[in-house]
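Residue strings, one per chain:
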Amino acid sequence: MQTISEQACFGGTAGFYKHASRETGTDMRFGLFLPPQVRNGTVPALYFLAGLTCTEETFLTKGAALRLAAELGLALVAPDTSPRGLNLPGETDDWDFGAGAGFYVDATQAPWAAHYRMYSYVNRELPDLVQARFPVSERRGISGHSMGGHGALVLALGESSRWHSVSALAPICNPCAVPWGQKAFGAYLGPDQSGWEAYDASRLVQTSTFQGSILVDQGASDKFLETQLRPETLRKAGDASGRTVQLRLQAGYDHSYWFVQSFIGDHLRHHSRALFGSAMPEGY
């Protein structure tokens, strides 16, 4: 692993790192915030998955989460959103597909299958690497924004033994039925839509064994709300299967990181309650 940079921040450390990935066959980058509490032992981690066009830097620099994470004693892990530098045909033609748009799936179609394996990378390779190298415990939650919110929901619902808490901000909740998802899934997974359902939160919520609460915040003035995100589909699917999805529609908010900053505190506390339990700091 190569250290790109490390900076003191709120008594802890914000760093960026690069390593060779067995899943993607490329070098992958991730950001990591370690709170000051690591001086006394390991801490749980919240993995935050960013959205289309974003990188490993986006959430840590724009999400306004580090101060509260330092107070709560919560590590933050921010992976990149796709492999980089492969120069595959069509990889950089569109902003919503290819580089910066891995959609947190394991691709099955050429030429993507050998490298676009973000589901397996985030689910096992990166957490195992972080735990081996840094003072981070096996207690982990997952959250994300937009495409990353889709990834967070899909990973927690599909791999419930690996994730102990989940939330999402403006997630793509029903990718099988919206243009962003159909474009990505058709290319990464092929035309057989039965293979898409393993990556659709609105389908997974009906069969998942995940036991925790699911928090979703959505801006009511988000221009992508009806055409791409469809959180009501997730909520209704949860209701039908007896699983509560706490969907909060926030008046006046759009899809931007201004929205993320406004509600990230609630999400950090949501994860801290699940990851720390009775050991959560008083006042939170």
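Structure's up top.
Source: prediction; values computed, not measured.

Some thoughts on the overall build of the protein chain
Of regular secondary structure, the protein chain possesses nine helices and nine strands. Over its C-alpha atoms the protein chain spans a radius of gyration of 18 Å, differing by no more than 12% from the 19 Å that the globule rule assigns to 284 residues. For the protein chain, buried positions account for 57% of its 284 residues. Once local pairs closer than 6 in sequence are excluded, the contacts in the protein chain between residues at least 24 apart make up 72%. Of the roughly 11,100 Å² of accessible surface on the protein chain, 47% is carried by carbon and sulfur atoms.

A few points about unusual backbone geometry
Glycine aside, residues mostly have negative phi angles, and peptide bonds mostly take the trans form. With omega at -5°, the peptide bond leading from A110 into P111 counts as cis. Along the polypeptide, P111 turns up in the loop between β5 (75-79) and α3 (118-133). The backbone phi angle of A170 is positive, close to 50°, even though this residue is not glycine. Inspection of the secondary structure puts A170 in the loop between β7 (165-169) and α5 (179-189).

Digging into the pattern of salt bridges
Evaluation of the coordinates by the stated rule reveals 12 salt bridges. Its salt-bridge partner being R248, residue D217 comes within 2.8 Å of it at the nearest N-O pair. Here the residue D217 occupies a position in strand β8 (residues 214-219), and R248 occupies one in strand β9 (residues 245-250), the gap between them amounting to 31 residues. With a closest N to O distance of 2.6 Å, R235 and E232 form a salt bridge. Here E232 and R235 lie together in helix α8 (residues 231-240), a separation of three residues that amounts to about one turn. For R235, a relative accessible area of 25% translates into the label partly exposed. Linked through salt bridges whose partners overlap, the residues forming this network are D217, R248, D266 and R269.

As for the nonpolar core
Among the nonpolar cores identified, the biggest contains 90 residues, and L76, F103, I142, Y188 and L268 are the most heavily contacted of them. Residues contacting F103, with those up to four places away along its chain left out, are L52, D96, M147, H150, I172, W180, G181, A184, F185 and Y188.

With respect to the packing of aromatic side chains
If you walk through the whole model with that rule in mind, you get 18 aromatic pairs. These aromatic residues form a ring-pair network of at least three members: F103, Y119, F185, W196 and Y199. The ring of W163 is capped by R140, whose NZ or CZ atom sits 5.7 Å from the centre of that ring.

With respect to helix α4 (residues 147-158)
With 12 residues, α4 ought to run about 16 Å at 1.5 Å a step, and its terminal C-alpha atoms sit 16 Å apart, in line with that. Among the 12 residues that make up α4, 11 are buried, leaving the element largely enclosed by the rest of the structure. Taken residue by residue, α4 has M147, G148, G149, H150, G151, A152, L153, V154, L155, A156 and L157 as its buried positions.

Examining the environment of E125
Tracing the backbone through its elements, the reader meets E125 in helix α3. In this structure E125 comes out as buried when scored by relative accessible area, which is 6%. Measuring from C-alpha to C-alpha, the distance between E125 and E23 comes to 7.5 Å, with 102 residues separating the pair along the chain. When neighbours within four sequence positions are excluded, E125 is seen to be in contact with H19, A20, S21, R22, E23 and S120. Within the structure, E125 has its side chain in polar contact with the side chain of S21 (distance 2.8 Å).

Focus: the environment of E6
Along the chain, E6 turns up in strand β1 (residues 2-9). Taking the C-alpha atoms as reference points, E6 and P135, separated by 129 residues in sequence, lie 15 Å from one another. At a separation of 2.6 Å, a polar atom in the side chain of E6 contacts the side chain of Y17.

Comments concerning the sheet that holds β1
Pairing is mixed in the open sheet, where nine strands are placed in the order β1-β2-β3-β5-β4-β6-β7-β8-β9. With partners counted over all chains shown, the strands left at the sheet margins are β1 and β9, one partner each. Strand-to-strand twist of the sheet, defined as the mean angle between neighbouring strand axes without regard to direction, takes the value 20°. Where strand β2 (residues 12-20) lies against strand β3 (residues 27-34), eight bridges are found, and the strand directions are antiparallel. The residue bridging K18 from the neighbouring strand is R29, located in β3. Against the sheet, α4 contacts β4 (43-49), β6 (136-144), β7 and β8, and its axis sits at roughly 130° relative to β6.

Thresholds, definitions, all that
- Residues numbered from 1 in each chain as written.
- Predicted model: local features only at pLDDT ≥ 70, side-chain atom pairs only at ≥ 80, totals over all residues.
- Heavy atoms only, no water.
- Helix = DSSP H or I, 4+ residues; strand = E, 2+ residues; numbered from the N terminus.
- Rg over C-alpha atoms; globule rule 2.2 N^0.38 Å.
- Buried < 20%, exposed > 50% of the residue type's maximum accessible area, 1.4 Å probe, protein only.
- Contact = heavy atoms within 4.5 Å.
- Areas by Shrake-Rupley, 256 points an atom, 1.4 Å probe, with all protein chains shown as cover.
- Salt bridge = Lys/Arg side-chain N within 4 Å of Asp/Glu carboxyl O.
- Core = buried A, V, L, I, M, F, W, Y, C linked by side-chain atoms within 4.5 Å.
- Phe/Tyr/Trp six-rings, centres within 6.5 Å; stacked < 30°, edge-to-face > 60°.
- Lys NZ or Arg CZ within 6 Å of the ring centre and 35° of its normal.
- Expected span 1.5 Å × (residues − 1).
- Polar contact = N/O pair within 3.5 Å; in protein donor to acceptor, adjacent residues only side chain to side chain.
- Pairing = 2+ DSSP bridges.
- Axes fitted to C-alpha atoms, helices over the stretch in contact; angles between N-to-C directions.

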